[in-house]
Number of protein chains: 2
Amino acid sequence: MSVDLATIPSSREQCLALDAADPLAAFRAEYTLPANGTYLDGNSLGVLPVRTPEVVRRTVEEEWGKDLITSWNKHSWIDLPYRLGDRIAPLVGAGAGEVVVCDSVSVNLFKLLTAALRLRPGRRTVLGERDSFPTDLYIAEGVTGLFEGGRSVLLPSVDDLDAHLDDDVAVVVLSQVDYRTGRLLDMAAITAKVHRAGALMIWDLCHSAGALPIDLTACEVDFAVGCTYKYLNAGPCAPGFLYAAARHHDTVEQPLTGWFSHAAPFAFESDYRPTQGIGRFLTSFPSLLALAGLRATLEIWDRVDLELVRAKSLALTGLFIEQCRADGLEVVTPGQPELRGSQVAVRHPEAFPVVQALIERGVIGDFRAPDLMRFGFTPLYLSYTEVWDAAQALREVLASGEWRAERFSVRGAVT
Amino acid sequence: MSVDLATIPSSREQCLALDAADPLAAFRAEYTLPANGTYLDGNSLGVLPVRTPEVVRRTVEEEWGKDLITSWNKHSWIDLPYRLGDRIAPLVGAGAGEVVVCDSVSVNLFKLLTAALRLRPGRRTVLGERDSFPTDLYIAEGVTGLFEGGRSVLLPSVDDLDAHLDDDVAVVVLSQVDYRTGRLLDMAAITAKVHRAGALMIWDLCHSAGALPIDLTACEVDFAVGCTYKYLNAGPCAPGFLYAAARHHDTVEQPLTGWFSHAAPFAFESDYRPTQGIGRFLTSFPSLLALAGLRATLEIWDRVDLELVRAKSLALTGLFIEQCRADGLEVVTPGQPELRGSQVAVRHPEAFPVVQALIERGVIGDFRAPDLMRFGFTPLYLSYTEVWDAAQALREVLASGEWRAERFSVRGAVT
């Protein structure tokens, strides 16, 4: 059978053939996968790379345990936020010195929103989208509360952007991929539109970094934030990354002016002087144990071709969407390839117990209130065949009604 | 020989006797110590507890690797910032629900300073001390820059507090123990004085938490920040902790309003509603790998009597100070026990190469520009005898002039 990697498979046989020809197949051995399961939640928490425990162990036992404070120089701890940022840069189309690893998405967004409002004096509105991941909206509220007349305006949908892009808008913040629906926005077109209105653009890359090729430079994006614990597999709640276009480096002022953003942190001066470049977005230093997880996973990402990831991602999501639609399920994720990321959301009134029944069968997705089943597709460690089988499992769970069992309705603190 | 634990030993024999009678001696086996050295830098980076690698391994391989997202419920990840905060609380004299683990000292101080300025409308001054650890001063600059008329005023010394405590002062932030000199401030008296002036008090506990008993409740402290990677041994750049007195919980507003400070983070609401209690100081979630280091070390701290730690600390620092003074060295740290923390600073014009020569002999202290040698004393893993021997090593390095060797003048990125 000849294999076209751009084809969406419509049979298990086709899936087996695609797996046999998969140029990314070798990456699967890099990951620790559930013994009897298919993990479709890499968009929430990426799985553990096989190499990570040893990198963490070395960091704990050798660097911390044996070399102690000498590790700042001996193991170049001091440069890690920059060096790891430079390794993330090619994954998001940034240049060297434009990405730094620090803090969390929320804290980094706080810095960027404040910096953006200061770069547009006289403008006082931060524009977001009501359906964005809530922490972005909450942080926008927190930041605008610090500016006289500041306000955070939430669009009902990104499609309403034109109507709200007036001359009070200092900055627009949007997620490139919607965390619930998986909808992918047109970064180039939206950024250009925002710039024409005189505002700055911040992209949240949490659900796109590592899931598809991104070109922040070509899109002339001003700022971006992203996490490393979803598609990038750096570990639960691993540090975030922050992008700032080089053209802004000399003029930005962010308020979280911790000592690692100082021009000479080890001179211990009493007065603040920001360093040059992306370093002025640092605050304090990330946990070295947390950074170990990022160091380990980037050894894999250094070798990944994101165009291949994107092609396989579209095939996997396309396959899943087609199978769901064939059963009459309501797929919330756009069918057009250019409009979706690497996840699929299915609406069902009993989404919660259905997801639990699927998990019992070894197909691990997640639930988002009130009625969405959400499935993430990670081309480096999923095969076409298991995605096919996962779609069949969903079919069987619904057809059998097994999700009605009482045990599937029990909710934990985190749903 | 009879042993008085309050005595400062003046001979090696006395040290041996004190070690034999040391009620904290058993803790030493809990720590991984340099094979042929004496680590006097636990005030910068605490050593690795023996139990930590296994706790980290379990977190990485079992919780992340095997249980993945189910760990949020199965291993109660979701409550960790609160549960770990409640275990730190007795170490600082706080009540249950008054301490939370999150972010870094710098980020937490930013939250508290902003909250304090909002609690004192009409007042616009943040008062600090010029010799405080710089990140506190830089953050105070960053925060006051966000308030109309806000200003950060640095006292030449805490002894000048009275002269500057006017009715524009909203909040005073001070380190309980000076990071360079080791001077310990009177928390009760200063807090009371600040309150009489109508201002709020924030203490930085980085150099005191785990080094001596602290009673935030008795001192009626409003807010505090601290780190966990020095005397608490949670690992390099481990997460910080934040204390807020319960009486402020209902009225504080901090601006880093990430989703974990929301009343219902997993309801994914678009509008911000702060949770009740200490949780409103959360922003995002700390790295689970970083938290593993804290979980491990708190298993030790749960069993520690801080009064015993303080008694031994005063004996160790007293011994070191007396030996240095006997050689005519300039000891910067106060001689009176009630005025010093658990570290000793010695001024010497050639402090940098002298510290390097000491390190080559296995006595690991550190250098603080321009002319200080700094030595930290951690009673849980240091013996009286090795501190005695360390003082002798310093004596020999200076007497021999061996520090003049060229190799001791080479500086790394971090000094």
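None of these values were measured; they are calculated from a predicted model. (Residues numbered from 1 in each chain as written. Chains lettered and ligands numbered in written order. Predicted model: local features only at pLDDT ≥ 70, side-chain atom pairs only at ≥ 80, totals over all residues. Heavy atoms only, no water.)

**Concerning the overall build of chain A**
Then, number 1: Along chain A, the regular secondary structure elements total twelve helices and 13 strands.
Then, number 2: Radius of gyration (C-alpha) of chain A: 22 Å, near the 22 Å computed for a compact globule of 415 residues.
Then, number 3: Expressed as lengths along the three principal axes of its C-alpha atoms, the size of chain A is roughly 70 × 60 × 45 Å.
Then, number 4: Across the 415 residues of chain A, 65% fall into the buried class.
Then, number 5: Within chain A, contacts between residues separated by at least 24 positions form 71% of all contacts whose residues are at least 6 apart in sequence.
Then, number 6: Approximately 13800 Å² of chain A is accessible, and the part contributed by carbon and sulfur atoms is 50%.
Then, number 7: With 38 positive and 53 negative side-chain charges, chain A shows a separation of 2 Å between the mean positions of the two kinds. (Helix = DSSP H or I, 4+ residues; strand = E, 2+ residues; numbered from the N terminus. Rg over C-alpha atoms; globule rule 2.2 N^0.38 Å. Buried < 20%, exposed > 50% of the residue type's maximum accessible area, 1.4 Å probe, protein only. Contact = heavy atoms within 4.5 Å. Areas by Shrake-Rupley, 256 points an atom, 1.4 Å probe, with all protein chains shown as cover. Lys, Arg positive; Asp, Glu negative; His and termini not counted. Charge placed at Lys NZ, Arg CZ, Asp CG, Glu CD.)

**A few points about the environment of Asp159(B)**
All names here are of chain B.
Then, number 1: In this structure, aspartate 159 sits in the loop between β4 (151-155) and α7 (161-164).
Then, number 2: Judged by relative accessible area, which is 55%, aspartate 159 ranks as exposed.
Then, number 3: Along the primary structure aspartate 159 and glutamate 129 are separated by 30 residues, whereas in three dimensions their C-alpha atoms are 9.6 Å apart.
Then, number 4: Of note is the side chain of aspartate 159, whose polar atom sits 2.9 Å from the side chain of arginine 183. (Polar contact = N/O pair within 3.5 Å; in protein donor to acceptor, adjacent residues only side chain to side chain.)

**Structural notes on the interface of chain A and chain B**
Then, number 1: Listed as interface residues are 76 residues of chain A and, on the opposing side, 76 residues of chain B.
Then, number 2: Among the residues chain A hides against chain B, the three largest losses belong to Trp64(A), Tyr138(A) and Phe268(A). Together they make up 13% of the total.
Then, number 3: For the interface between chain A and chain B, the tally reads two salt bridges.
Then, number 4: Across the salt bridge formed by Asp271(B) and Arg130(A), the nearest N and O atoms sit 3.8 Å from each other.
Then, number 5: Joining chain A to chain B, the criterion identifies 24 residue pairs in polar contact (both at pLDDT 80 or more).
Then, number 6: Counting only elements with at least two residues in the side of chain A that touches chain B, the list comes to α2 (52-67), α3 (71-74), α5 (105-119), α6 (134-144) and α9 (288-301) of chain A.
Then, number 7: For the side of chain A that touches chain B, the element with the most residues is α6(A), which contributes eight residues.
Then, number 8: Partitioned by chemical class, the residues of the side of chain A that touches chain B number 44 nonpolar, 22 polar and ten charged. (Buried area = accessible area lost by both parts, 1.4 Å probe. Salt bridge = Lys/Arg side-chain N within 4 Å of Asp/Glu carboxyl O. Nonpolar A, V, L, I, M, F, W, Y, C, P; charged D, E, K, R; others polar.)

**A word on the relation of the copies chain A and chain B**
In this structure, two copies of a chain are linked by a rotation about an axis accompanied by a shift along it.
Then, number 1: By a simple turn and slide, chain A fits onto chain B: the slide is 0.0 Å along the axis, the RMSD is 0.0 Å, and the turn is 180 degrees. Those values place the two copies in the arrangement expected of a two-fold rotation axis. (Least-squares fit on C-alpha atoms with pLDDT ≥ 70 in both.)

**Regarding the domain arrangement of chain A**
Residues and elements named next belong to chain A.
Then, number 1: Split by domain assignment, chain A resolves into domain 1 (5-49 + 305-409) and domain 2 (76-301).
Then, number 2: The straight-line distance from the C-alpha centre of domain 1 to that of domain 2 is 29 Å.
Then, number 3: Across the boundary between the two partners, domain 1 contributes 33 residues, which contact 23 residues of domain 2.
Then, number 4: Interface area for domain 1 against domain 2, summed over the two sides, is near 2200 Å², with a carbon-plus-sulfur share of 62%. (Domains from an automatic or database assignment.)

**Section: the packing of helix α1 (residues 12-21) of chain A against helix α12 (residues 384-400) of chain A**
Residue and element names in this part refer to chain A.
Then, number 1: Interhelical geometry of α1 versus α12 gives an angle of 155 degrees and a closest axis separation of 7 Å. Taken together, the axes of α1 and α12 are roughly antiparallel relative to one another. Where α1 abuts α12, its residues Arg12, Cys15, Leu16, Leu18 and Asp19 lie against Tyr384, Thr385, Trp388 and Asp389. (Axes fitted to C-alpha atoms, helices over the stretch in contact; angles between N-to-C directions. Parallel < 35°, antiparallel > 145°, perpendicular 65-115°, else oblique.)

**Brief notes about the sheet that holds strand β9 (residues 330-331) of chain B**
Residues and elements named next belong to chain B.
Then, number 1: In space, the four strands of this open sheet follow the order β9-β10-β13-β12, with antiparallel pairing throughout. Lying at the two open borders of the sheet, with one neighbouring strand each, are β9 and β12 (366-368).
Then, number 2: Bridge count between β9 and strand β10 (residues 343-347): two bridges; the pairing is antiparallel. Bridge pairing links glutamate 330 to arginine 347 in β10.
Then, number 3: Packed onto the sheet, helix α10 (residues 306-326) meets β9, β10 and β13 (372-376) and runs at close to 15 degrees relative to β10. (Pairing = 2+ DSSP bridges.)

**Some remarks on the packing of helix α4 (residues 80-92) of chain A against α9(A)**
All names here are of chain A.
Then, number 1: Contact geometry of α4 with α9 gives a least axis separation of 11 Å together with a crossing angle of 35 degrees. Crossing geometry of α4 relative to α9 is assigned as left-handed. The residues of α9 that touch α4, namely those facing Leu80, Leu84, Arg87, Ile88 and Leu91, are Leu288, Leu291, Leu294, Arg295, Leu298, Glu299 and Trp301.
Then, number 2: Residue classes in the contact of α4 with α9 are distributed as nine nonpolar, no polar and three charged. (Left-handed = near helix turned anticlockwise from the far one by under 90°.)

**Structural notes on the pattern of salt bridges**
All names here are of chain A.
Then, number 1: Applying the stated criterion to the full structure yields 59 salt bridges over all chains.
Then, number 2: Across the salt bridge formed by arginine 87 and aspartate 302, the nearest N and O atoms sit 2.8 Å from each other. Taken together, the residues arginine 87 in helix α4 and aspartate 302 in the loop between α9 and α10 (306-326) connect sequence positions 215 residues apart.
Then, number 3: Judged by its relative accessible area of 45%, aspartate 302 is partly exposed.
Then, number 4: Salt bridges sharing partners connect three or more residues here, namely Glu54, Arg57, Glu61, Glu62 and Lys66.

**Side note on the sheet that holds strand β5 (residues 169-175) of chain A**
All names here are of chain A.
Then, number 1: Across the sheet, which stays open at both edges, the seven strands sit in the order β2-β8-β7-β6-β5-β3-β4 with mixed pairing between neighbours. At either margin of the open sheet sits one strand with a lone partner, and together these are β2 (99-101) and β4 (151-155). On average, each strand axis in the sheet is tilted by 20 degrees relative to the strand beside it, whichever way the strands run.
Then, number 2: Pairing geometry for β5 and strand β6 (residues 200-204), over five bridges, is parallel. Bridge pairing in β6 places valine 172 opposite methionine 201.
Then, number 3: Against the sheet, α6 makes contact with β3 (125-129), β4, β5 and β6, and its axis sits at roughly 155 degrees relative to β4, the strand it touches most.

**Some points on the pairing of strand β10 (residues 343-347) of chain A**
Consecutive residues of a regular strand have side chains that alternate between opposite faces of the sheet.
Residues and elements named next belong to chain A.
Then, number 1: With four of five residues buried, β10 lies mostly within the body of the structure.
Then, number 2: Taken together, the five bridges between β10 and strand β13 (residues 372-376) define a ladder with antiparallel strand orientation. Bridge assignment links valine 344 to a residue of β13, and that residue is phenylalanine 375.

**Details of the pairing of strand β3 (residues 125-129) of chain B**
Residue and element names in this part refer to chain B.
Then, number 1: Burial analysis of β3 places five of its five residues in the buried class, which makes it a mostly covered element.
Then, number 2: Burial along β3 is two-sided: the face carrying Thr125, Leu127 and Glu129 and the face carrying Val126 and Gly128 are both buried.
Then, number 3: Looking at chain direction, β3 and β4 are connected through five bridges and run parallel. By the bridge assignment, glutamate 129 is partnered in β4 with leucine 155.
Then, number 4: What joins β3 to β4 is helix α6 (residues 134-144), and the crossover it makes is right-handed.
Then, number 5: Relative to strand β5 (residues 169-175), β3 runs parallel, the two being bridged by three bridges. Residue pairing in the sheet places leucine 127 in a bridge with valine 172 of β5. (Right-handed = clockwise from strand over helix to strand, strands pointing away.)

**Considerations on the packing of aromatic side chains**
The geometry of an aromatic ring pair is captured by the separation of the ring centres together with the interplanar angle, meaning the angle of the planes.
Then, number 1: Counted by the stated rule, this structure contains 39 aromatic pairs over all chains.
Then, number 2: Taking 5.4 Å as the distance between ring centres and 85 degrees as the angle between the ring planes, the aromatic pair formed by Trp72(A) and Trp77(A) counts as edge-to-face. Of the two residues, Trp72(A) and Trp77(A), neither departs from the other in class, the shared state being buried.
Then, number 3: Arranged with centres 4.7 Å apart and planes meeting at 80 degrees, the rings of Trp259(A) and Phe133(B) form a pair that is edge-to-face. Of this pair, Trp259(A) sits in the loop between β8 (241-244) and α9 while Phe133(B) sits in the loop between β3 and α6, each in a different chain. In terms of burial, Trp259(A) and Phe133(B) fall into one category: buried.
Then, number 4: Through a chain of ring-to-ring contacts, three or more aromatic side chains come together here, namely Trp72(A), Trp77(A), Trp259(A), Phe260(A), Phe266(A), Phe268(A), Phe285(A), Phe133(B) and Tyr179(B). (Phe/Tyr/Trp six-rings, centres within 6.5 Å; stacked < 30°, edge-to-face > 60°.)

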